[in-house]
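Here is how the chains run, residue by residue.
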Amino acid sequence: MKNPGFEEWQADQTLPTGWKVMVTAHAISADCQIAKEGKYSVRLESNPQTSKDSMTAMAQTLIASTIDGHPLILSGWIKTQDVKGQAEIFLQVDSKTKSAVAESSLNKLAPAGTQDWQRFSIKVPVAANAAVVHFGIGLKGTGTAWFDGLALEVDENTKVAELPEVKRPARPQKNSQLDDDHSMALAADLIPKIKAEWQAGIQQDAHGLRSMFSEDFSDLQFLKPLLKGKRLVQLGESGHGIAEFNWMKVRLVKFLHQEMGFDVIAMEASMTTSDAVNQNVAQISAGEAMTSSQFATIGTLETLDLFEYVKQSQAGKHGLILAGFDNQNSGWKSSIAITARFKSLLSLIDTDLAGQIDGMEKELENLNSKKKMSMSAEELAQRYKAVADKLDSERAKLLAHDTSKHAEVLMSIQEARARVKLCQQLATPGMNKTGMEIRDLAMADNLNFLLETIYPQKKIMVWAHNTHIANNWIDQESPKTMGVWMAEKRRKEMYTIGLYMGRGTLGSYGKDTYSEIDAPSAGSMESILANGGLKMSFVDFSQAKPSATNSWMFASINARFWGRNPEVIVPAKAYDAVIYIDTVTPSEYWK
């Protein structure tokens, strides 16, 4: 196999054909003074801002089938100087569903400190039916590393078994037409037995949803009287990573934006990051807007449609605004965006405090990953409080510099306060009740801040998990969540919609594994919703009056979150309505 080394790397420091810089925290250059075999080596070198955990990686990708089912060997020369960390070469094999199935690196054998040229080699099995092989070099930490003579070899004496074939469940095909009555009907053998009076009631109460994709919204017109006078519509989901939930919610967002005057979509994502992406959405792709601002579990091909729509709408006269209300970092840009705003504003009023922000964000990262910190979580929280107090007390001075930054100043104050709560949340052990309540209270504070301060004249849609948006939990041992706090303050101006599934297949983010969802159990909320006889339906609780036909709405009943975990709710207290999608499939993640 051709040696994909660095001999082609010219002095202008352009990358050899096919190479990509995956992560960069170091200077990358062609060194024509220090080399082992050719005219040049590649040099990775830290700078004063490079932290001990920073990593720079360069990689190239091969089609796995070209290896023809044999192990692949990557070797090369490495030289180091004052490296506090490690210099690496690596191999990673990905399956056709984009998850790593084999990988190799130097790990504990990786050179550090000051070492002269040494030859290193790693090996990885490459199944013929895998998708791609990534290979490359990297430097973690500080110092300088040189790489030369990188070579790939195929071990043709050994055969690698093929990967077990994993079949992704068939996804619904997008269709702009509304379903007819026959297409909407749920097969009789999929409808569980329930009380006759409940069956009669749900068949009367269930509104058929005729599409997840169509922009013909005639089947959604029944929502207009239900949502009249509402300023906050919350769209839930009983599990992340459900393709049909994402598609349905995107369609509802388009309807609410185009026909009901809702101009803000607030995601379960970083507040500052979402705002920064919103301001720059015209200059970046929909994919970058999504991945830079959202949690990976939201970064699906279905949700990409929402970000395409945000871009499209903002290019016109009636733009949909992207916002966030989480106190946690979400996409890859979160810490970058938050740090940049803090430093930009503080540099105008307190340069010493501005100079502390990078270190504070690094300590917050350590707290989140449970690494050793140089200060306590309490002290870090106090430092973020000092940032909030300083920005708040110097508001007038900041606005004197640029009056157009009014919303940005207020949002940075709110973000610093949310960082205080994040420190408190991360200091709690595991996912306990206290930590969950701290987070949800912070999200409620952020959402109220958006409603009252940033968008006081606008109507807002919320995109989040059912757990966060539900207005009531009957289990007093459950954490008090965002929806409960919001309902205490804004019940009359809210409309909360939970999304539930009946059966189908669940996936697992980053893995080639799928599991079947059991059919709804007898007497569960999902079994009653299935008796509407519709593949997709909407049931309103807000206008219902208790009777024998709908008594289940007002009583404790079993339901499921994530399609399999039991929860007990009083439906009409938890939500204003639910959407039922009988059969679901896993999301497909964008990258």
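Check the entry above for the structure.
Now for a quick tour of the structure.

Reading the values: rules and limits
- Residues numbered from 1 in each chain as written.
- Predicted model: local features only at pLDDT ≥ 70, side-chain atom pairs only at ≥ 80, totals over all residues.
- Heavy atoms only, no water.
- Patch = residues over 30% accessible without salt bridge, like charges linked within 9 Å, V, L, I, M, F, W, Y side chains within 5 Å.
- Areas by Shrake-Rupley, 256 points an atom, 1.4 Å probe, with all protein chains shown as cover.
- Salt bridge = Lys/Arg side-chain N within 4 Å of Asp/Glu carboxyl O.
- Lys, Arg positive; Asp, Glu negative; His and termini not counted.
- Charge placed at Lys NZ, Arg CZ, Asp CG, Glu CD.
- Helix = DSSP H or I, 4+ residues; strand = E, 2+ residues; numbered from the N terminus.
- Axes fitted to C-alpha atoms, helices over the stretch in contact; angles between N-to-C directions.
- Parallel < 35°, antiparallel > 145°, perpendicular 65-115°, else oblique.
- Contact = heavy atoms within 4.5 Å.
- Nonpolar A, V, L, I, M, F, W, Y, C, P; charged D, E, K, R; others polar.
- Buried < 20%, exposed > 50% of the residue type's maximum accessible area, 1.4 Å probe, protein only.
- Left-handed = near helix turned anticlockwise from the far one by under 90°.
- Phe/Tyr/Trp six-rings, centres within 6.5 Å; stacked < 30°, edge-to-face > 60°.
- Expected span 1.5 Å × (residues − 1).
- Pairing = 2+ DSSP bridges.
- Core = buried A, V, L, I, M, F, W, Y, C linked by side-chain atoms within 4.5 Å.
- Polar contact = N/O pair within 3.5 Å; in protein donor to acceptor, adjacent residues only side chain to side chain.

What follows deals with a positive patch on the surface. Among the surface-exposed residues, K52, K140, K371 and K372 lie close enough to one another that they form a single positively charged patch. Of note, K371 is situated in the loop between α10 (357-368) and α11 (377-393).

Where helix α13 (residues 406-426) contacts helix α14 (residues 433-454), the two axes come as close as 9 Å, and the packing angle between them is 170 degrees. On the basis of the axis angle, α13 is roughly antiparallel to α14. Across the interface between the two elements, A407, L410, M411, Q414, A418, K421, Q424 and Q425 of α13 pack against G435, I438, R439, L441, A442, D445, N446, F449, L450, T453 and I454 of α14. Looking at the contact of α13 with α14 residue by residue, the classes come out as ten nonpolar, six polar and three charged.

Glancing now at the pattern of salt bridges. Evaluation of the coordinates by the stated rule reveals 33 salt bridges. K362 is the salt-bridge partner of E365, the closest N and O atoms lying 3.2 Å from each other. In this pair, E365 and K362 are both assigned in helix α10, three residues apart and thus about one turn of the helix distant. Of the charged contacts, one joins E408 and K405 as a salt bridge, the two residues approaching to 3.7 Å between their closest N and O atoms. Given the relative accessible area of 12%, E408 is considered buried. It is possible to trace a salt-bridge network through shared partners that takes in D275, R341, K405 and E408.

What follows is about the environment of V233. By secondary structure assignment, the location of V233 is in strand β10 (residues 232-235). The exposure class assigned to V233 is buried, which follows from its relative accessible area of 0%. Separated by 263 residues in the primary sequence, V233 and T496 have C-alpha atoms spaced 5.8 Å apart.

Turning our attention to unusual backbone geometry. Within the chain, D82 stands out as a residue other than glycine whose phi angle is a positive 55 degrees. Checked against the element boundaries, D82 lands in strand β5 (residues 71-94).

The subject of this paragraph is the packing of helix α6 (residues 286-293) against helix α7 (residues 301-314). Where α6 meets α7, the closest approach of the two axes is 8 Å, and the angle between their N-to-C directions is 115 degrees. Judged by the twist between their axes, the crossing of α6 over α7 is right-handed. Taken together, the residues of α7 that come into contact with α6 (itself represented by A286, G287, A289, M290 and S293) are T303, L304, F307, E308 and K311. Partitioning the contact of α6 with α7 into residue classes produces five nonpolar, three polar and two charged.

Attention shifts here to the side chain of S293. Within the fold, S293 resides in helix α6. Setting aside anything within four residues of it in sequence, one finds S293 in contact with A269, S270, T273, S274, V277, F307, L322, S330 and G331.

Right, let's get into the packing of aromatic side chains. Following the criterion strictly, the structure yields six aromatic pairs and no others. Consider the rings of F213 and W247, whose centres lie 5.0 Å apart with planes at 70 degrees: the pair is edge-to-face. With F213 in the loop between β9 (207-208) and α3 (223-227) and W247 in helix α4 (residues 243-260), this pair connects stretches of sequence that are 34 residues apart. Here F213 falls in the buried class, since its relative accessible area comes to 17%. A residue is classified by how much of its surface remains accessible, and W247, at 4% relative accessible area, is buried. With a centroid separation of 4.8 Å and 80 degrees between ring planes, the pair formed by Y509 and Y589 is classed as edge-to-face.

In this model, α13 (21 residues) spans 30 Å end to end at C-alpha, consistent with the 30 Å of a helix rising 1.5 Å per residue. Burial analysis of α13 places 16 of its 21 residues in the buried class, which makes it a mostly covered element.

As for its placement among the helices and strands, N278 is situated in helix α5 (residues 271-280). Overall, the relative accessible area of 12% leaves N278 in the buried class.

A few words on the pairing of strand β15 (residues 514-517). Two strands pair when backbone bridges link them, and strand β14 (residues 494-507) and β15 are joined in this way by four bridges, in the antiparallel orientation. Its bridge partner lying in β15, T505 is registered against E516. Two successive antiparallel strands, β14 and β15, enclose a turn made up of six residues, where G510 displays a positive phi of approximately 80 degrees.

Ranked by size, the top nonpolar core spans 54 residues in total, and within it L223, I265, L306, I497, F538 and I579 carry the most contacts. Top element by residues in this core is α4. It accounts for ten residues. Ignoring anything within four residues of it in the chain, the contact list for I265 reads V253, L306, L320, I321, L322, A323, M461 and W463. Counting 33 residues, the second largest nonpolar core, distinct from the first, contains M58, L74, I122 and F135.

Tracing the backbone through its elements, the reader meets R503 in strand β14. Sequence spacing of R503 and E526 is 23 residues, and the spatial spacing of their C-alpha atoms is 9.5 Å. The residues contacting R503, other than those within four sequence positions of it, are L190, I517, D518, A519, P520, Y580, D582, T583 and V584. Looking at R503, its side chain comes within polar contact range of the main-chain oxygen of L190, at 2.8 Å.

A word on the pairing of strand β13 (residues 459-463). Of all five residues that make up β13, four are buried, and the element is covered over most of its length. Sheet analysis places strand β11 (residues 262-270) next to β13, joined by five bridges and oriented parallel. The residue bridging A266 from the neighbouring strand is V462, located in β13.

Functional significance is not addressed by these values, which are geometric in nature.
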